[in-house]
Amino acid sequence: GYLVTFRPNYSTKTSQTYKLKGLDAHADYLVEDADTGETFTCTGRFLMERGITVESPQPRTSHMIYFTMQQ
């Protein structure tokens, strides 16, 4: 799956946490930020309960984040 975020010009928030839905709570997921190349692995439970925080220090920016279930 993927998450696309946008920070509009008028927004004063520099970060936002997104709780995902529909994942397998017991599976591990590779999370990849397409913009920075940063990757990490965490459980579906973590992504659904705690979420992922995306930092957008500048207005008018976007992020593309991919989630891939690990076998």
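Everything below is about the structure shown above.
Computed from a prediction, not measured in an experiment: that's the story for all the values here. In this convention, every chain numbers its residues from 1, walking through the sequence in written order. Totals for whole chains, interfaces and linings use every residue, but because this is a predicted model, local features are given only for residues with pLDDT of at least 70 and side-chain atom pairs only at 80 or more, for both listing and counting. Values shown for side chains rest on all heavy atoms present in the structure; no hydrogens or waters enter the calculation.

Mapped onto the elements, Lys 21 comes out in the loop between β2 (15–18) and β3 (28–33). Of the residues examined, Lys 21 reaches a relative accessible area of 75% and is grouped as exposed. For helices the rule is a DSSP run of H or I covering at least 4 residues; for strands it is a run of E covering at least 2, with both sets numbered from the N terminus onward. Note on exposure labels: buried denotes an accessible area under 20% of the residue type's maximum, exposed denotes more than 50%, and partly exposed covers the range between, all computed with a 1.4 Å probe on protein chains only.

This part covers the pairing of β3. Here β3 shows a buried face lined by Tyr 29, Val 31 and Asp 33 and an unburied face lined by Asp 28, Leu 30 and Glu 32. Should DSSP find at least two bridges between two strands, the strands are regarded as paired. Two elements, β3 and strand β4 (residues 39–43), share 5 bridges in a ladder whose sense is antiparallel. Note that in β4 the partner of Tyr 29 across the bridge is Cys 42. Between the antiparallel neighbours β3 and β4 lie 5 residues, among them Gly 37 with a positive phi of about 80°. Two elements, β3 and strand β6 (residues 61–69), share 5 bridges in a ladder whose sense is antiparallel.

A separate point is the nonpolar core. Residues grouped as a nonpolar core are buried Ala, Val, Leu, Ile, Met, Phe, Trp, Tyr and Cys residues, joined through side-chain atoms within 4.5 Å. Grouped together as the largest cluster of nonpolar side chains are 11 residues: Leu 3, Leu 20, Ala 27, Tyr 29, Val 31, Cys 42, Leu 47, Ile 52, Val 54, Ile 65 and Phe 67. Those elements that provide at least two residues to this core are β3, β5 (52–55) and β6.

A few words on the sheet that holds strand β1 (residues 2–7). Strand order in the open sheet formed by 4 strands is β1-β6-β3-β4, with antiparallel pairing between adjacent strands. Edge strands, defined here as strands with exactly one partner in the open sheet, are β1 and β4. When strand polarity is set aside, the average angle formed by the axes of neighbouring strands in this sheet is 25°. To obtain each axis, a line is fitted to C-alpha atoms, and for helices this fit is confined to the stretch in contact; angles are then taken between N-to-C directions over 0 to 180 degrees.

Within the element layout of this structure, Asp 35 appears in the loop between β3 and β4. For Asp 35, a relative accessible area of 49% gives the class partly exposed. Separated by 28 residues in the primary sequence, Asp 35 and His 63 place their C-alpha atoms 6.5 Å from one another. Residue contacts are counted whenever heavy atoms from the two residues lie within 4.5 Å of one another. If near-sequence neighbours (up to four positions away) are discounted, Asp 35 is found in contact with Ser 62, His 63 and Met 64.

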